[in-house]
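# Reading the structure
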Amino acid sequence: DSGVTQTPKHLITATGQRVTLRCSPRSGDLSVYWYQQSLDQGLQFLIQYYNGEERAKGNILERFSAQQFPDLHSELNLSSLELGDSALYFCASSARQDTSGANVLTFGAGSRLTVL
Amino acid sequence: EDQVTQSPEALRLQEGESSSLNCSYTVSGLRGLFWYRQDPGKGPEFLFTLYSAGEEKEKERLKATLTKKESFLHITAPKPEDSATYLCAVQARSGGYQKVTFGTGTKLQVIP
């Protein structure tokens with residue numbers, strides 16, 4: 001157990017629907033990252049939050065949104081779902097940067113989304 | 001734009017047959033290079049951080065090295081339990097924040 005909790009583990013839904021993925025970071029970690037991993041692609045960075053504030057945006061579609069709450073858990077909302085949104089969605093958290101400024105990410109087990 | 005390229009895409013080794021995985025990168029202002037291991041259906045698990053050229057780190061049968069343009073993950077006398085996808089990632093400063101970019105990974109299979 002990495003300490004990062006993601007729910008649900010599996011989700012099957014239909015095109016056009018909306019889903020919410022939830023992430024609880026490791027205790028003490030202030031940063032939360034969301035990544036998408038499709039079968040033929042690597043980990044694609046979506047968005048990062050630090051202590052409730054958006055810090056960085058990657059290749060996140062306008063149909064997707066996220067937020068980090070005061071208790072530091074985060075939610076990723078995916079709307080108007082398309083077949084191509086089927087993927088594993090990972091949440092990762094990190095503590096304060098170490099002295100070099102490098103962030104070691106601790107990943108959750110992922111949420112597998114299937115859009116039919 | 002930061003780029004991370006891993007090779008080979010897949011590697012099949014006999015148990016005990018040592019080899020190396022490559023990660024070449026193009027980045028401005030490298031803050032750290034990471035290696036992660038990912039088992040099927042699971043999240044990546046941290047292995048190493050390397051900060052500067054010439055640095056080496058070891059853990060059991062794995063040894064990671066770093067030059068100015070690439071990193072190698074050497075696997076000595078691998079066992080079947082080393083079978084996994086190995087991911088390389090770089091962290092660099094981009095527009096005022098620290099951005100982490102992952103490669104697509106090398107899928108390693110170790111045959112008994």
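Residues numbered from 1 in each chain as written. Chains lettered and ligands numbered in written order. Predicted model: local features only at pLDDT ≥ 70, side-chain atom pairs only at ≥ 80, totals over all residues. Heavy atoms only, no water.

The next point concerns the packing of aromatic side chains. Counted under the stated rule, the structure contains ten aromatic pairs over all chains. Ring plane angle 85 degrees and centroid distance 5.4 Å describe the contact between Tyr 35 of chain A and Phe 102 of chain B, whose orientation is recorded as edge-to-face. Here Tyr 35 of chain A, found in strand β4 (residues 31–37), pairs with Phe 102 of chain B, found in strand β10 (residues 97–102), and the two come from separate chains. Measuring from ring centre to ring centre gives 6.3 Å for Phe 34 of chain B and Tyr 36 of chain B, while their planes differ by 45 degrees; the resulting arrangement is tilted. The pair Phe 34 of chain B / Tyr 36 of chain B is uniform in exposure class, with both members buried. (Phe/Tyr/Trp six-rings, centres within 6.5 Å; stacked < 30°, edge-to-face > 60°. Helix = DSSP H or I, 4+ residues; strand = E, 2+ residues; numbered from the N terminus. Buried < 20%, exposed > 50% of the residue type's maximum accessible area, 1.4 Å probe, protein only.)

Under the defined criterion, the tally for this structure stands at two disulfides over all chains. Here Cys 23 of chain A is linked by a disulfide to Cys 91 of chain A, with a sulfur-sulfur distance of 1.8 Å. Sign of the S-S torsion, about -55 degrees for the bond between Cys 23 of chain A and Cys 91 of chain A, identifies this disulfide as left-handed. A residue pair is termed long-range when its members are at least 10 positions apart, and Cys 23 of chain A in strand β3 (residues 19–24) and Cys 91 of chain A in strand β9 (residues 87–94) qualify at 68 residues. A residue is classified by how much of its surface remains accessible, and Cys 91 of chain A, at 0% relative accessible area, is buried. One disulfide bridge connects Cys 23 of chain B with Cys 88 of chain B, the sulfur atoms lying 2.0 Å from each other. With the S-S bond torsion at -60 degrees, the cross-link from Cys 23 of chain B to Cys 88 of chain B turns out left-handed. One end of the pair, Cys 23 of chain B, is in strand β3 (residues 19–26); the other, Cys 88 of chain B, is in strand β9 (residues 84–94), and 65 residues separate them in sequence. Judged by relative accessible area, Cys 88 of chain B falls into the buried class, the value being 0%. (Disulfide = S-S within 2.5 Å.)

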